[in-house]
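The primary structure of each chain is shown beneath.
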Amino acid sequence: MVTGWPNLSNPTDSVFFLIIGISLALLFITSGTMVYFVIRYNRKRHPRPENITGNTALEIIWTIIPTILVLAIFWAGWKGFVFKRTVPKDAMLVKVTARQWSWDFKYENGIESQVLKVPIGRPVKLSLTSTDVLHSLFIPAYRVKEDCVPGMETYLWFQPDQEGSFDLFCTEYCGVGHSAMITKVEVVPQEEFEKWYQARGISLAEAAQRPVDRKKGALDIVTLLKDKGCLGCHTIDGSPKLGPTLKGLYTREVTVITQGKEHKIVADEPYIRRSIKEPRADIVKGFPPVMPALPLSDHEIDAIVEYLKTLR
Ligand code: CUA
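In short, a report on the structure. In this text the structure is predicted, and so the values were computed from the model without any measurement. (Residues numbered from 1 in each chain as written. Predicted model: local features only at pLDDT ≥ 70, side-chain atom pairs only at ≥ 80, totals over all residues. Heavy atoms only, no water.)

1. So, the nonpolar core
Short version of the rule: Definition of nonpolar core: a set of buried residues of the types Ala, Val, Leu, Ile, Met, Phe, Trp, Tyr and Cys, connected through side-chain atoms within 4.5 Å. Only protein chains enter the accessibility calculation, which uses a 1.4 Å probe; a residue is then buried when its area is under 20% of its type maximum, exposed when over 50%, and partly exposed in between. Helix numbers and strand numbers start at the N terminus; a helix is a DSSP run of H or I with at least 4 residues, a strand a run of E with at least 2. Throughout, a residue-residue contact means that at least one pair of heavy atoms, one from each residue, lies within 4.5 Å.
Counting residues in each nonpolar core, the largest one holds 34 residues, and the members touching the most others are Trp103, Tyr107, Leu116, Leu126, Leu137 and Phe158. Here this core takes four residues from strand β1 (residues 92-99), the largest share from any one element. Setting aside residues no more than four positions away along its own chain, Leu137 makes contact with Val96, Trp103, Phe105, Leu126, Leu128, Val144, Lys145, Glu146, Cys148, Leu156, Leu168 and Phe169. Core analysis: the next-biggest nonpolar cluster, separate from the first, contains 24 residues, Ile272, Ile276, Ile304 and Leu308 among them.

2. Some remarks on the environment of Asp227
With respect to the helices, strands and loops of the structure, Asp227 is situated in helix α5 (residues 214-227). Judged by relative accessible area, which is 8%, Asp227 ranks as buried. It is 7.7 Å that separates the C-alpha atoms of Asp227 and Ser102, two residues lying 125 residues apart in sequence.

3. A few points about empty space enclosed by the protein
Any empty space left between the atoms is revealed when a probe the size of a water molecule rolls over them. This is how it is decided: In this analysis a 1.4 Å probe is tested at points of a 1 Å grid over the protein atoms alone, and where it fits but cannot get out there is a cavity; an open set with protein on both sides within 12 Å along at least five of seven lines is a pocket; lining residues have an atom within 4 Å of a point. Grid points are joined across faces, edges and corners, and a volume is the space filled by probe spheres set on the points. Basically, the charged four are Asp, Glu, Lys and Arg, the nonpolar ten are Ala, Val, Leu, Ile, Met, Phe, Trp, Tyr, Cys and Pro, and anything else, Gly included, counts as polar.
Applying the stated criterion to the full structure yields two cavities of 30 Å³ or more. Taken as a whole, the largest cavity spans an internal volume of roughly 560 Å³. Around the largest cavity, the lining comprises 33 residues; the ones closest to its centre are His234, Pro244, Leu246, Ser275 and Met291. When residues of the lining of the largest cavity are traced back to their parent elements, those giving at least two are α6 (269-277), β13 (282-284) and α7 (298-310). Examining the composition of the lining of the largest cavity, we find that four residues originate from one element, α6, more than from any other. Of the residues assigned to the lining of the largest cavity, the class counts are 24 nonpolar, six polar and three charged.

4. A few points about the packing of aromatic side chains
Two aromatic rings, taken as a pair, are described by how far apart their centres are and by the angle between their planes. Which entries qualify depends on this criterion: Pairing of aromatic rings covers Phe, Tyr and the six-membered ring of Trp, with a centre-to-centre limit of 6.5 Å; geometry is then stacked below 30 degrees between planes, edge-to-face above 60, and tilted otherwise. Note on geometry: a ring has a charge over it if NZ (lysine) or CZ (arginine) is within 6 Å of the ring centre and within 35 degrees of the ring normal.
Summed over the entire model, instances satisfying the criterion amount to 14 aromatic pairs. Measuring from centroid to centroid gives 5.4 Å for Tyr142 and Phe166, while their planes differ by 80°, and the two rings are edge-to-face. Of this pair, Tyr142 sits in the loop between β6 (135-139) and β7 (144-148) while Phe166 is found in strand β9 (residues 164-170), placing the two residues 24 residues apart along the sequence. Overall, Phe166 belongs to the buried group, its relative accessible area being 5%. In this structure, Arg40 is placed above the aromatic ring of Tyr41, and the distance from its NZ or CZ to the ring centre is 4.9 Å.

5. Let's talk about the sheet that holds strand β3 (residues 112-113)
Worth spelling out the cut-off: One requirement defines pairing of two strands: DSSP has to find at least two bridges between them.
An order of β3-β2-β1-β5-β8 is seen for the five strands of this open sheet, with the pairing classed as mixed. Each edge of the sheet is formed by a strand with only one pairing partner; in this case those strands are β3 and β8 (154-158). Sheet topology places strand β5 (residues 124-130) next to β8; five bridges connect them, and they run antiparallel. Across the sheet, Leu126 pairs through a bridge with Leu156, a residue of β8.

6. A few points about helix α1 (residues 11-40)
Under the convention used in this document: To estimate the expected span of a helix, count its residues, drop one, and scale the result by 1.5 Å. Polar contacts, as counted here, are pairs of nitrogen or oxygen atoms within 3.5 Å of one another; within protein the pair requires one atom able to donate a hydrogen and one able to accept it, and residues that are adjacent in sequence qualify only if both atoms are side-chain atoms.
For α1, spanning 30 residues, the distance from its first C-alpha to its last is 42 Å, which sits close to the expected 44 Å at 1.5 Å a residue. On its buried face, α1 sits against α2 (56-85). N-cap assignment for α1: the residue whose side-chain oxygen lies 2.9 Å from the backbone N of Thr12 is Asn10.

7. Regarding the environment of Leu58
With respect to the element layout, Leu58 can be found in helix α2. As a C-alpha pair, Leu58 and Val87 span 29 residues in sequence and 45 Å in three-dimensional space.

8. A closer look at the sheet that holds strand β10 (residues 182-188)
Here is the rule we go by: In this analysis an axis means a line fitted to C-alpha atoms, helices contributing only their contacting stretch, and an angle means the value between N-to-C directions, from 0 to 180 degrees.
With mixed pairing, the five strands of this open sheet are ordered in space as β4-β10-β9-β6-β7. The sheet terminates laterally at β4 (116-119) and β7, the two strands that pair on one side only. Along the sheet, successive strands turn relative to each other by an average axial angle of 20°, direction set aside. Direction of pairing for β9 relative to β10: antiparallel, over a ladder of six bridges.

9. Focus: the packing of α6 against α7
Defined as follows: Should an angle fall under 35 degrees it is called roughly parallel, over 145 degrees roughly antiparallel, and 65 to 115 degrees roughly perpendicular, with every other angle called oblique. In this scheme the crossing of two helices becomes right-handed for a clockwise turn of the near helix relative to the far one and left-handed for an anticlockwise turn of less than a right angle.
Put simply, α6 and α7 touch, their axes get as near as 11 Å, and they point 130° apart. One element, α6, and the other, α7, form an angle in the oblique class. Judged by the twist between their axes, the crossing of α6 over α7 is right-handed. Two secondary-structure elements touch here, α6 through Glu269, Ile272, Arg273, Ile276 and Lys277 and α7 through Asp298, Ile301, Asp302, Ile304, Val305, Leu308 and Lys309. Looking at the contact of α6 with α7, its residues break down into six nonpolar, no polar and six charged.

This is how it looks when you write it as structure tokens:
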């Protein structure tokens, strides 16, 4: 059981409920004692105050009990920490690259995916990095969260023990497209995973180099745009998002700001190519200058440009 809570087999939940339990017990004990004292020792019942000088036994008790409680919290937390940092030997490795503003999951056979598909029952190790700024990968259902740091590798692991589709998103504010960094963990039966794993045995880069089948090609390009994170900010249906829509872009007249100067330009092929390669050279008026240069091959750029020409 991973979605609902409490999930006491997971140390995050067991430590959480241990601390909540202790806090609630203390709350009721102290409040109850306080209320009792207010009633028991009010002026009517106890008109003459007494001077109390101390009680050694009581002081020892209220030192020892809290010490035991905080040590218990420490112990549970430490065990949970060690559990979360110790990856099981048979874990499946997936390399995760975070970038503004999409996720890329790369499997050991080289295939890349934008959803994290994993087989049920086998632990998964995610090796994380970022190409630009700090991101943080969060899978609430599995109670795991870890920063993605440029130039550094971090990791986390989890045990997919229930079939289903769970949210995976960025939980470190990383710029205007932060909210677009959301995708899914798909936990599927072993056989289904194997099938997918074998069938998707070509990388997107390879796929992009294949001759584009016009009808099927359009579909593949949409996948490519999605996979590269383009559709996190641009739409292909005409509505504006973080960036201008790609629909009808080709040959449209756009007002851009180039080195602080505003001017009109026709979105022809050279303009589109430049906008992909040097996204901040000409900024379309009214949009933030936030687009990163993406790792696209020339083949991929060709394919995208050809596609945009058809997207009227
Ligand atoms: Cu990436 Cu927020």
